[in-house]
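# Observations on the three-dimensional arrangement
Residues per chain are reported as follows:
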Amino acid sequence: MSLPEIVSREDWRAAREALLAKEKAATRARDALNAERRGLPMVEIDKEYVFEGGDGKATLLDLFEGRDQLVVYHFMFAPEWDAGCRSCSAFLDQIGHLAHLRTRGTSFAAVSRAPYPKILPFKARMGWTLPWYSSYVSDFNADFEVTLEHEGELSERPGLSCFLREGDRVFHTYSTYERGLDGLGSTTSLLDLTALGRQEQWERPEGRASALGAPAGSEGVRYHDEYED
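Quantities reported herein were computed from a predicted structural model and do not represent experimental measurements.

Here is what the cut-offs are and how they apply
Throughout this document, residue positions are counted from 1 along each chain, in the order its sequence is written. Local features in this predicted model are restricted to residues whose pLDDT is 70 or higher, and side-chain atom pairs enter the listing and the counts only when it is 80 or higher, whereas totals over whole chains, interfaces and linings include all residues. Here the side-chain values reflect all heavy atoms present in the structure, with hydrogen atoms and water set aside. Counting from the N terminus, the helices are the DSSP runs of H or I reaching at least four residues and the strands are the DSSP runs of E reaching at least two. Each residue's exposure class comes from its accessible area (1.4 Å probe, protein chains only) as a fraction of the maximum for that residue type: buried when under 20%, exposed when over 50%, partly exposed otherwise. Accessible surface area values rest on a Shrake-Rupley calculation with a 1.4 Å probe, where residue burial reflects the displayed protein chains alone. A residue counts as positive if it is Lys or Arg and as negative if it is Asp or Glu; His and the chain ends are not included. Here the site of a charge means NZ on Lys, CZ on Arg, CG on Asp, or CD on Glu. Note on pairing: two strands pair once DSSP finds at least 2 bridges between them. Multiplying 1.5 Å by the residue count of a helix minus one yields the expected span of that helix. For this analysis, residues touch if any pair of their heavy atoms sits within 4.5 Å. Here, the arc refers to the directions that run from the helix axis to the C-beta atoms.

### Re the overall build of the chain
Scanning the chain from terminus to terminus reveals seven helices and ten strands. Each of the three principal axes of the chain carries a C-alpha extent, and together these read 60 × 50 × 40 Å. Per-residue burial for the chain yields a buried fraction of 43% across its 229 residues. Accessible surface computed for the chain: about 13,400 Å², of which carbon and sulfur atoms make up 50%. Charged side chains in the chain number 27 positive and 38 negative. The centres of these two groups are separated by 5 Å.

See below:
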């Protein structure tokens, strides 16, 4: 195994400060990229998708649970599989308490092509309580390019899609796949993919900060059992 060079504390501090300058530049570049992402146009969803979840049949609008935004994780679980994808399972394991997303008016749900009776026991085995729906009877996976067809064979890939609603109108704002999921899982990383972002005053474009009435920044953070949904 190749290990880092051993140096004095002074040499380490000098190297660390040099790296810190690059890290700060990367943070500023990420903020600019997030602002550009929030500037993307959006597409209205006019197809009626049908999902199945714990409460029976559901529409895409139902997945919002009354909130203004929805983040969908496209979990790889084909109908013929006996269990969900291991990598997708590791991704869901690192999703934090959903109260921190929900207080920003954002719902989170996993969606798979497997029938719900297959999803339910696997979800119980993993100990997850987050919403998970089956898209088995709809074109949702194909339309959002996570179930692909090549020479008559279907294959799955992981992805994440963001949606915004205005009343009963639903819009698709963003999707990312495979390596685009690297580093995601925290509340802020998921909000950074949405049209409203973290809803903080410093974010651009202007006019979306605290759009849902939640206190911005660290002032809005609570213990997860103290939020009023």
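### Overview of the pairing of strand β8 (residues 153-156)
In the sheet, strand β7 (residues 147-150) pairs with β8 via four bridges, with the strands oriented antiparallel. Looking across to β8, one finds that Leu148 is bridged to Ser155.

### Some details on helix α1 (residues 9-38)
Spanning 30 residues, α1 covers 42 Å between terminal C-alpha atoms, matching the ideal 44 Å at 1.5 Å per step. Taken together, the buried positions of α1 are Asn34, Arg37 and Arg38. Buried residues in α1 make contact with β10 (169-177).

### Things to note about helix α3 (residues 86-93)
Within α3, the full set of buried residues consists of Cys88, Ser89, Phe91 and Leu92. Here the buried residues of α3 occupy an arc of 155° about the axis, which is enough to place them on one side. Turned more than 90 degrees away from the buried face of α3 sit Arg86, Ser87 and Asp93, all of them exposed. Turning to α3, the residues buried within the fold contact β4 (69-74), β5 (106-112), α5 (116-126) and β9 (159-166).

### Some points on the pairing of β9
Counting buried positions along β9 gives seven out of eight residues, so the element sits mostly inside the fold. Inspection of the sheet shows β4 paired to β9 by six bridges, in the antiparallel sense. The residue of β9 that forms the bridge with Gln69 is Leu164. As paired elements, β9 and β10 share eight bridges and run antiparallel to each other. Across the sheet, residue Leu160 finds its bridge partner in β10, namely Thr176.

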